[in-house]
Amino acid sequence: MTGIRPAEPGGRSAPPAAGGTAAGGRGVGSTVRGSLFGLAGSAANALFGFVLVAVITHGLGARGAGVVFTGVAAFTILSNALKLGADTALVRFVSRDLELSGGAGVPALLRISVLPTLLASAAGAVVLVCSPGLAGLLLPELDPGRAAALVRLFAVFLPVTTVALVLLGATRGYGSVVPFVGVEQIGKPALRVLLAVPLVLFAPSVAGLSAAWLVPGVLGAVAAGVSLRRSLRAHPGSGQPPPRAREFWAFAGPRAVSSVFDIAAVWIGVILLSVLGTGTDAGIYTAIGRLVTAGTLLQLAVRLAVAPQISRLTAGGDASGAHHLHALSTRWIALFSWPVFLVLAAFPRTVLSLFGPGFDEGAAGLVVLAAACLVNVGVGNAQTVILMAGRSVWNLVVAGAAFVVQLGSGVWLVPRYGVLGAAVSWGLAIVVDNGASALLTRYRLGFRTVDRGYLYAALTGVVTVAVPVFTLRMLFGDSLPGALLGIVLAMGAFGAAVWRYRLPLGVGEFIGALRKRGSGNSQ
């Protein structure tokens, strides 16, 4: 829904930017700077995540690591479900409120959102504590007593972690990615590694390493609350906006369910392998998941920054600025993300061997997911556009369809093909989710993605990276020398091509937006 701009001091309504240029430029500048900070945070998160998986797998072996990460998977799915979609709703509604009233309605939005999520997560924790049979089903490789104790440990931390995610959603609505990146992508992952290393060295255990993963969430919740309080003080707003509980939850409700599908897509393979396969397979699949997640670093970074900007542009009536921002950000995501997945597909065994012996058995699964993720990053953040346009029901339908495909195929494939079956089921879900979202974004919302610059990005990634890495794969096999030489040659060709075609690729606009200072800066 297109909103009306706030009145100027003289009582006149502020005019929209001519042709969307000013607002669109503001959105591009904020997105570029926020994306770079988010990319740094995503890189740190991937690095710490990689180290944590390596530490736990080396300390407990693939079987013990599979038990820990099965608990992490169930906890992550549950916490994302019990935030009831309020975090994404706050990104949209807080950013729109800043555009329309300067932030006057944010306190009411927090009252509407935080208490229900706190009550829901507390109820979920009680259910976990009182359901020892569920623990035995989830962790069949542990004896019932140890399984129940481990699930109770995760339950204790459920409410504080869930509420923290909601508070961080509000801080993102203010246009700053700093709190989210600082807490979720740098602070908590770093603390987890710091706690896990001495445990692995002196007293490795499933319960101890699970606690090391959980404890940093408490400090993260405190940091989120402090940051949000500062934002509230900096943007008091003016006037008395009417309460919007019905509109808020009409958006958040469908998003609550679709967010479960989103996070379940990442972790359901671990759970299926734990229940229908072996703990060893679950550990290998977790390592593959870390690599795939690392390949989407830029996509996640841009998503964090672009969501509130698109929401504010559409609220202010600048549809052309929002369209331009989406097209440009998608081009950057595709340009710099495709090479990562091409390298993973060319040298899967070499990359997986970094986790230790036995993990290279997941090479075929990594190739499948790398191919699927070419589609994922190729459509940019289509799901974000759908959500910031207020179409959470569309997002729910698409995510639900993808989850049905993944679960249905996974139940059939995992017992037969193990890690490869789990990877194929996730890959199918990725293609369904992103393909349908891209079609809706283009033909129902009018956001165009494929243009001349996008085609240049596609050709640059495929020609300059795929040709050298797969040529070296044929000459040297899936080996470390071949991988290193292929990466070096690809980097040289890729850098030269980006500079040669910098104008159609939008590199100049990226650098110009990064240098620009003023009202468009991210907080």
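How each quantity is defined
Residues numbered from 1 in each chain as written. Predicted model: local features only at pLDDT ≥ 70, side-chain atom pairs only at ≥ 80, totals over all residues. Heavy atoms only, no water. Helix = DSSP H or I, 4+ residues; strand = E, 2+ residues; numbered from the N terminus. Buried < 20%, exposed > 50% of the residue type's maximum accessible area, 1.4 Å probe, protein only. Contact = heavy atoms within 4.5 Å. Areas by Shrake-Rupley, 256 points an atom, 1.4 Å probe, with all protein chains shown as cover. Salt bridge = Lys/Arg side-chain N within 4 Å of Asp/Glu carboxyl O. Phe/Tyr/Trp six-rings, centres within 6.5 Å; stacked < 30°, edge-to-face > 60°. pLDDT = per-residue confidence, 0-100. Patch = residues over 30% accessible without salt bridge, like charges linked within 9 Å, V, L, I, M, F, W, Y side chains within 5 Å. Core = buried A, V, L, I, M, F, W, Y, C linked by side-chain atoms within 4.5 Å.

## Remarks on the overall build of the protein
For step 1, the next point in the chain: On a plain count of helices and strands, the protein comes out with 22 helices and 0 strands.
For step 2, the next point in the chain: Each of the 523 residues in the protein was classed as buried or not, and the buried ones make up 55%.
For step 3, the next point in the chain: When contacts within the protein are restricted to residue pairs at least 6 apart in sequence, those whose partners lie at least 24 apart make up 83%.
For step 4, the next point in the chain: Split by element, the accessible area of the protein, about 20900 Å² in all, is 70% carbon and sulfur.

## What about the pattern of salt bridges?
For step 1, the next point in the chain: One pass over the structure, following the stated rule, counts 5 salt bridges.
For step 2, the next point in the chain: A salt bridge links Glu 184 to Lys 188, with the shortest nitrogen-to-oxygen separation between them at 2.9 Å. Of the two residues, Glu 184 and Lys 188 are both situated in helix α7 (residues 178-202); the distance of 4 residues between them amounts to about one turn of the helix. The burial state of Glu 184 is the same as that of Lys 188; both residues are buried.
For step 3, the next point in the chain: The shortest N-O distance in the salt bridge between Arg 255 and Asp 262 comes to 2.9 Å.

## Here's the deal with the packing of aromatic side chains
For step 1, the next point in the chain: In the structure shown here, the tally under the stated rule is 10 aromatic pairs.
For step 2, the next point in the chain: Ring geometry for Phe 93 and Phe 251: centres 6.0 Å apart, planes at 75°, overall edge-to-face. Taken together, the residues span a long stretch of sequence, with Phe 93 in helix α2 (residues 86-101) and Phe 251 in helix α10 (residues 245-276) at a distance of 158 residues. Here Phe 93 matches Phe 251 in class, with each residue buried.
For step 3, the next point in the chain: Ring plane angle 25° and centroid distance 5.1 Å describe the contact between Phe 261 and Phe 403, whose orientation is recorded as stacked.

## Examining α2
For step 1, the next point in the chain: Within α2, 15 of the 16 residues are buried, which leaves the element mostly enclosed by the surrounding structure.
For step 2, the next point in the chain: Where α2 ends, the next residue or the one after it, Gly 102, has phi of about 75°, a positive value.

## A few points about unusual backbone geometry
For step 1, the next point in the chain: Here Leu 84, not a glycine, exhibits a phi torsion of approximately 60°, which is positive.
For step 2, the next point in the chain: Here Leu 84 shows up in the loop between α1 (21-82) and α2.
For step 3, the next point in the chain: Exposure remark for Leu 84: the relative accessible area of 22% places this residue in the partly exposed category.

## Re the confidence of the model for the protein
For step 1, the next point in the chain: Taken residue by residue, the protein gives an average pLDDT of 82. The fraction at 70 or more is 88%.
For step 2, the next point in the chain: When pLDDT is averaged over each element of the protein, helix α18 (residues 419-443) comes out on top at 93 and helix α22 (residues 507-515) at the bottom at 57.
For step 3, the next point in the chain: Taken together, the stretch residues 1-24 has pLDDT below 50 and engages in 41 contacts with residues farther than four places along the chain or on a different chain.
For step 4, the next point in the chain: Counted against residues more than four places away or in other chains, residues 514-523, with its pLDDT under 50, gives 22 contacts.

## What to know about a nonpolar patch on the surface
For step 1, the next point in the chain: Residues Val 275, Leu 276, Leu 407 and Val 411 make up a contiguous nonpolar surface patch of about 280 Å² in total accessible area.
For step 2, the next point in the chain: Given the relative accessible area of 43%, Val 411 is considered partly exposed.

## What about the nonpolar core?
Here is a general trend for soluble globular proteins: nonpolar side chains tend to be buried in one another's company.
For step 1, the next point in the chain: The biggest cluster of nonpolar side chains holds 121 residues, and the ones touching the most others in it are Leu 90, Leu 139, Phe 248, Ile 288 and Val 292.
For step 2, the next point in the chain: Apart from the residues lying within four places of it in its own chain, the contact partners of Val 292 are Phe 341, Leu 366, Leu 369, Cys 373 and Trp 426.
For step 3, the next point in the chain: Among the nonpolar cores identified, the runner-up in size contains 15 residues, and Ala 346, Phe 347, Val 465 and Val 469 belong to it.

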